[in-house]
Amino acid sequence: MASNPWWPSSSDDEEEMFFANAVLRAGQILIEEEEEEEEEEEDFSSENVITRRIRINRDRQGFTTLQKCTAAIRQLAYGTVADALDEYLQMSLYQAHEARHGFPGMLGSIDCMHWGWHNCPTAWRGQYTRGDHGYPTVILEVVASQDLWIWHSFFGLPGSLNDLNVLYQSAIFTDVVNGTGPDTRFTVSGVEYRRGYYLADGIYPSWSTSVKTIPYPEDEKRKKFAKRQEAARKDIERAFGVLQKKWAIVAQPARAFTPKRLRLCIYACILLHNMIIEDEGRAICEYDENASWGNTVPVDPPQQDLNSFSLTNDFTHANLQQDLVEHIWNNVNMADGDGAGDEDEDE
């Protein structure tokens, strides 16, 4: 992760090593328990450890315990963003989101959450406090899909900022500008669009990768679209609620003294949150170990400028919204509850 000017630099790595060692110890325990269960079920004495692990990985769906713990340790040790090592984006979310919400090309919902900071240093309180909260907070930006899987997170900016300020400093569209992101093109109302989009609230910019509601719909078509969009965007609010209910440390004001430790805490909670969803089999997409990464070499600067212009094109945003209005009106049945009947089991 690129250095953030809001985080104070430190020469020692004691905090990172503490969390990395804790995850490593937990991973070792889980791996030992997993191997003991495998030995009880079937005698693999004729196979060496490597062959046995390969065969187990081939027969199972999802990530192994070793893969989960390795990814967690890499993120905590190297400070990368939560989606930098995550293969979830490579899976097709379109079918699941269109079946549930009626939005073709939907990657997820994006929003920000404020985490109260009880032990914020006095000298920083003005920087981390916003008037509508009245106390210091640190902002977490998240993208979540319908199954509450969090596959992008960006944390650490002061609570005095708004969602728009956070977006401009986030790395969520870095791969799009660099030309290294996966192929997310889709078709709606007979028109092909190059990139998938996120459902967002009104403060977000009118970019080609965001779809917002219509504040004052004038006809039945737009009323139906606004109702569907607002119902589908509950996914991100549910994700925040489940994250806070599952981990009390996130629901209460943080008592750590440095933003670095707060960042490690929130990323650890997100990692465990995703591991639980995958382990319980509630993920809406299966992991494809043969998925292609596509282009991994950034394009030249002129092409990056073109990609950036295409990303922030408000004309494409308006056309996409209009095509989605027509698609929702012609293809989505209002009798399905408009996506409002989300299960409580995710909690």
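Structure's up top.
Conventions and cut-offs
- Residues numbered from 1 in each chain as written.
- Predicted model: local features only at pLDDT ≥ 70, side-chain atom pairs only at ≥ 80, totals over all residues.
- Heavy atoms only, no water.
- Salt bridge = Lys/Arg side-chain N within 4 Å of Asp/Glu carboxyl O.
- Helix = DSSP H or I, 4+ residues; strand = E, 2+ residues; numbered from the N terminus.
- Buried < 20%, exposed > 50% of the residue type's maximum accessible area, 1.4 Å probe, protein only.
- Pairing = 2+ DSSP bridges.
- Axes fitted to C-alpha atoms, helices over the stretch in contact; angles between N-to-C directions.
- Parallel < 35°, antiparallel > 145°, perpendicular 65-115°, else oblique.
- Contact = heavy atoms within 4.5 Å.
- Nonpolar A, V, L, I, M, F, W, Y, C, P; charged D, E, K, R; others polar.
- Expected span 1.5 Å × (residues − 1).
- Lys, Arg positive; Asp, Glu negative; His and termini not counted.
- Polar contact = N/O pair within 3.5 Å; in protein donor to acceptor, adjacent residues only side chain to side chain.

Remarks on the pattern of salt bridges
(1) Moving on: Enumeration over the complete set of coordinates arrives at ten salt bridges.
(2) Moving on: Here D219 and R222 are joined by a salt bridge, their closest N and O atoms 2.8 Å apart.
(3) Moving on: Close ionic contact of D235 with R238 constitutes a salt bridge, the shortest N to O distance being 3.2 Å. Within this pair, D235 and its partner R238 are both found in helix α9 (residues 234–246), separated by three residues, close to a single helical turn. With respect to class, D235 is no different from R238; both count as buried.

Here's the deal with the pairing of strand β2 (residues 137–144)
(1) Moving on: By the criterion of burial, β2 is predominantly enclosed, with eight of the eight residues buried.
(2) Moving on: Neither face of β2 is open: one carries T137, I139, E141 and V143, the other V138, L140, V142 and A144, and all of them are buried.
(3) Moving on: Direction of pairing for strand β1 (residues 106–116) relative to β2: antiparallel, over a ladder of eight bridges. Looking at the pairing, G116 lines up with T137 of β2.
(4) Moving on: Relative to strand β3 (residues 150–158), β2 runs antiparallel, the two sharing seven bridges. Across the sheet, the residue bridging to E141 is F154, located in β3.
(5) Moving on: Counted between consecutive antiparallel strands, the loop separating β2 from β3 contains five residues, among which L148 sits at a positive phi close to 75°.

Concerning the packing of helix α8 (residues 220–232) against helix α13 (residues 314–331)
(1) Moving on: At a minimum axis distance of 9 Å, the contact between α8 and α13 shows a crossing angle of 95°. Classified by the angle their axes make, α8 and α13 are roughly perpendicular. Contacts from E220, K221, R222, K224, F225 and R228 in α8 reach Q321, Q322, L324, V325, E326, I328 and W329 in α13.
(2) Moving on: Grouping the constituent residues of the contact of α8 with α13 by class yields five nonpolar, two polar and six charged.

Some thoughts on α9
(1) Moving on: With 13 residues, α9 ought to run about 18 Å at 1.5 Å a step, and its terminal C-alpha atoms sit 18 Å apart, in line with that.
(2) Moving on: Considered for burial, the residues of α9 that qualify are D235, I236, R238, A239, F240, V242 and L243.

Here we look at the side chain of D147
(1) Moving on: Relative to the helices and strands, D147 resides in the loop between β2 and β3.
(2) Moving on: It is R282 that comes nearest to the buried, bridge-free D147 among opposite-charge side chains, at 7.7 Å.
(3) Moving on: Polar contacts involving the side chain of D147 include one to the side chain of S145, which spans 2.5 Å.

Looking at α13
(1) Moving on: With 18 residues, α13 extends 25 Å from end C-alpha to end C-alpha; this agrees with the ideal 26 Å at 1.5 Å per step.
(2) Moving on: Those residues of α13 that sit buried are H317, L320, Q321, D323, L324, V325, H327 and I328.
(3) Moving on: If you follow the buried residues of α13, they end up packed against α4 (94–101), β4 (186–188), β5 (191–193), β6 (197–200), β7 (210–212) and α8.
(4) Moving on: One side-chain oxygen at the N-terminal end of α13 lies 2.8 Å from the backbone nitrogen of F315; it belongs to N313.

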